[in-house]
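This is what each chain is made of:
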Amino acid sequence: MDAYDIFKKLTKGLSFSKSSKTPKKENFPDIKKEAKDNDVVKVVKKKEDEFITLLNGITKDDQENKKGKKRKQLDENQLDKKRRLLEQEEINRYRNQNSISVVGRRIPNPARSFDDFSVDQSIIKNLIKCGYEEPTPIQKQAVPIMLEGRQLLACAPTGSGKTAAFLVPIIQQLKSPQNSGFRALILCPTRELASQTQRECVRLSEGKGFRIHILSKINKALNQYGPKSNQKFDILITTPNRLCFLLKQDPPAIQLSSIQWLVIDEADKLFEDGSRSFRDQLDQILQACDNKDKKIAMFSATHTPVVAKWCVHNMPGLVRVTIGQRNAATDTVDQKLQFVGSEHGKLIALRDLIRQGISPPVLIFVQSKERAQQLFNELIYDGIMVDAIHADRTQTQRDNVVKCFREGKIWVLICTELMARGIDFKGVNLVINYDFPPSSISYVHRIGRAGRAGRTGQAVTFFTQEDSPLLRSIAYILKESGCEVPEYLLSIKTKSKKEAKKIAKKAPAREDITTVPIYDRIKGGKKAKFREIAKRMKEAKNKAVHKKKKINPKKNVVENIHRKQKISVKKSDKKSKQKN
Ligand SMILES: Nc1ncnc2c1ncn2[C@@H]1O[C@H](COP(=O)(O)OP(=O)(O)OP(=O)(O)O)[C@@H](O)[C@H]1O
């Protein structure tokens, strides 16, 4: 059937006016010849396999050809879809194998080796020179994401190589040195961590010639980075405090308008509430980084909802990456909780542990700088190569202690929360929590100083009755890491969030760490000493009575007076009964 026949069929029974001539067969074009592949065809199905072509006159044969092509294309599309699904499945499987979970749109695939990183060969050479054989899970996923210029919130266990995960893409993207001021800013909570990150940055960018600065001497910094300086800097690594000091000068003593990448390491620490909070400084820094195209990346081993909420609201196109379980302790550390009875029991337990044999280097965490000094004064006479690091020591002293510990000149380092985050001492075998950590997050970071980069380690945490409010949450961390925990620790009544926050903010009052008898510790003559001892005994007695009767000395004065009166009435009753 050709086009003329079709026309005849369609116009059957119709009469045409005079002006309109009945078309003749020869007037119809030879559509078999003229039909092109891409002609528009409207098809009406007549029988099972017979079609009538209405426009541009395409024959059934052509139609079948087209149908074949279409089917082929459909098949190809389906194959393509299947292929993509399989690829995605494979990527998901690979992510699962590496405990990588991701949230976000169009997330770049994880790299499988350093060669998969789209970075310069010189960077890969530097990674290999550092002794790294393959990327760690966080590096596999975070590097491709940052290389695509996506903003990132990353959470990965302690010692899992987060530093290189953010340094590699930054080094790649800055390409070469420029004289336009700092283009990347890395914020760390402590100066020790900033120096460590600077060292890693220097190692990984070897051959690039970047000017990597750390804010150390503030007076020097005031003149070095101002608007009149030559702006020959590339990467700045610092604590927020020092940077804000420069920003507060009039005019600001540092320019951050060229910043392309802002990395916040230990993000949850910098977002913490409280007197030592960095939140205000962070806001000030973010304001100074006024380049519209700047990207932000946040890294930490622990995750808090405050950070996540901030990221969702302030970082468009955000990708979230978590390695393993959130807020879990690294599984390479064998953890133990040890009941020591009393403050004095801690010292006995520590000496016992040392007597049984420990393999240095060892870190001991205490809750305050005073206690760090007290414990140091005790251990120094035990013939141990020991030192202490805390905020009361000068910067030079702190740098020296860290250097000596790294070089193996100090075997046991007593420290405060200052060293809990980020510090990477190679081969720390044992972490002792002499004082119970103020929160489960602090616990995860403290014990994470051991068992880094796939090595194994141990952590022992002493506890007394006073530490019971946080015991359960930490016992659960141990359980989840597969460590043995006595059942009774898991069944302790939980504290409310409010109470837990209160504990985290204010460490419990503890007896001094000392074996010196109280009499010898008090300065002054005999009388002064006895007076002081009597005072302390009275205080201790009062404390015991308050505990027994659950009297809160500050809360309700009137109620307390009534209770005290009741107690004294009972006492006088007893006395009179005894007399009778
Ligand atoms: N791909 C790798 N292969 C082997 N070791 C690595 C690799 N990447 C980093 N490391 C090493 O792992 C150790 C821990 O790295 P890093 O300090 O970056 O950990 P982190 O995840 O930042 O830990 P934290 O949460 O405690 O700050 C370092 O000694 C580092 O040199």
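Residues numbered from 1 in each chain as written. Predicted model: local features only at pLDDT ≥ 70, side-chain atom pairs only at ≥ 80, totals over all residues. Heavy atoms only, no water.

(A) View of the sheet that holds strand 5 (residues 184-187). Across the sheet, eight strands lie side by side as 3-10-4-9-8-5-7-6; this open sheet has mixed pairing. Strands with a single pairing partner mark the edges of an open sheet, and in this sheet they are strand 3 (100-103) and strand 6 (212-214). Strand-to-strand twist in this sheet, taken as the mean axis angle between neighbours without regard to direction, amounts to 15°. With four bridges connecting them, strand 5 and strand 7 (residues 235-238) associate as parallel partners. Bridged to Ile-186 within strand 7 is Ile-237. The strands touched by helix 5 (residues 137-147) are strand 3, strand 4 (152-155), strand 8 (261-265), strand 9 (295-300) and strand 10 (319-323); relative to strand 10, the strand with the most contacts, the crossing angle is about 170°. (Pairing = 2+ DSSP bridges. Helix = DSSP H or I, 4+ residues; strand = E, 2+ residues; numbered from the N terminus. Axes fitted to C-alpha atoms, helices over the stretch in contact; angles between N-to-C directions. Contact = heavy atoms within 4.5 Å.)

(B) Inspection of the UniProt feature "short sequence motif: Q motif" (unreviewed entry) in the protein at higher detail. Using the residue numbers shown here, the UniProt feature "short sequence motif: Q motif" (unreviewed entry) corresponds to residues 112-140. As a span, residues 112-140 carries 45% helix and 0% strand, and end to end its C-alpha atoms are 6 Å apart. (UniProt positions renumbered as here; feature names shortened; annotations may be inferred.)

(C) Layout of the sheet that holds strand 15 (residues 430-433). Strand order in the open sheet formed by six strands is 11-16-15-12-14-13, and the pairing between neighbours is parallel. In this open sheet, the two edge strands, each paired with only one partner strand, are strand 11 (333-341) and strand 13 (386-389). Taking each pair of neighbouring strands and ignoring which way they run, the sheet shows an average axis angle of 20°. Pairing geometry for strand 15 and strand 16 (residues 457-464), over four bridges, is parallel. Pairing of Asn-433 across the sheet is with Thr-461, part of strand 16. Helix-sheet contacts for helix 14 (residues 369-379) involve strand 12 (362-365), strand 13 and strand 14 (412-415), and the interaxial angle to strand 13 is about 170°.

(D) Spatial organisation of helix 6 (residues 162-174). Over its 13 residues, helix 6 extends 19 Å from the first C-alpha to the last, a length consistent with the 18 Å expected when each residue adds 1.5 Å. Among the 13 residues in helix 6, eleven count as buried, and that is most of the element. Those residues of helix 6 that sit buried are Lys-162, Ala-164, Ala-165, Phe-166, Leu-167, Val-168, Pro-169, Ile-170, Ile-171, Gln-172 and Leu-174. Just past helix 6, the residue Lys-175 takes up positive phi, approximately 60°. (Expected span 1.5 Å × (residues − 1). Buried < 20%, exposed > 50% of the residue type's maximum accessible area, 1.4 Å probe, protein only.)

(E) Fine view of the environment of Lys-217. Examined against the element boundaries, Lys-217 turns out to sit in the loop between strand 6 and helix 8 (218-224). The spatial distance from the C-alpha of Lys-217 to the C-alpha of Arg-242 is 9.3 Å, given a sequence separation of 25 residues.

(F) Spatial organisation of helix 16 (residues 440-447). The element helix 16 is largely enclosed, with a buried count of seven among its eight residues. For helix 16, every residue scored as buried is listed here: Ile-441, Ser-442, Tyr-443, Val-444, His-445, Arg-446 and Ile-447.

(G) A look at the nonpolar core. Membership of the largest hydrophobic core comes to 81 residues, with the highest contact counts inside it found for Leu-152, Ile-235 and Phe-299. The element that contributes the greatest number of residues to this core is helix 6, accounting for eight residues. Counting residues in each nonpolar core, the second largest holds 35 residues, with Leu-246, Leu-270, Met-298 and Cys-311 among its members. (Core = buried A, V, L, I, M, F, W, Y, C linked by side-chain atoms within 4.5 Å.)

(H) Region of the structure containing the environment of Leu-262. As for its placement among the helices and strands, Leu-262 is situated in strand 8. For Leu-262, a relative accessible area of 0% puts it in the buried group. Distance in space between the C-alpha atoms of Leu-262 and Pro-438 is 29 Å, their sequence separation being 176 residues. Residues within four places of Leu-262 in sequence aside, it is in contact with Leu-185, Leu-187, Leu-286, Lys-295, Ile-296 and Ala-297.

(I) Summary view of the packing of aromatic side chains. Summed over the entire model, instances satisfying the criterion amount to nine aromatic pairs. Taken together, a centroid distance of 5.5 Å and an interplanar angle of 65° make the contact between Phe-271 and Trp-310 edge-to-face. Here the residue Phe-271 occupies a position in the loop between helix 10 (267-270) and helix 11 (279-288), and Trp-310 occupies one in helix 12 (residues 305-314), the gap between them amounting to 39 residues. Between Phe-405 and Phe-425, the aromatic rings sit 4.7 Å apart at their centres with planes inclined by 85°, giving edge-to-face as the arrangement. Note that Phe-405 is positioned in helix 15 (residues 395-407) and Phe-425 in the loop between strand 14 and strand 15, a separation of 20 residues in sequence. On the basis of relative accessible area, Phe-405 is assigned to the buried category, the value being 4%. On the accessibility criterion, Phe-425 (3% relative accessible area) is buried. Lying across the ring of Tyr-94, Arg-112 places its NZ or CZ 4.0 Å from the centre. (Phe/Tyr/Trp six-rings, centres within 6.5 Å; stacked < 30°, edge-to-face > 60°. Lys NZ or Arg CZ within 6 Å of the ring centre and 35° of its normal.)

(J) Spatial organisation of the pattern of salt bridges. Across all of its chains, the model carries 32 salt bridges by this definition. Two residues, Arg-93 and Glu-90, come together in a salt bridge whose shortest N-O distance is 2.8 Å. Of this pair, Arg-93 and Glu-90 both sit in helix 3 (residues 60-97), separated by three residues, roughly a single helical turn. For Glu-90, a relative accessible area of 34% translates into the label partly exposed. Between Arg-211 and Asp-234 there is a salt bridge whose closest N-O contact spans 2.8 Å. Here Arg-211 is found in the loop between helix 7 (191-204) and strand 6, whereas its partner Asp-234 is found in the loop between helix 8 and strand 7, with 23 residues between them in sequence. (Salt bridge = Lys/Arg side-chain N within 4 Å of Asp/Glu carboxyl O.)

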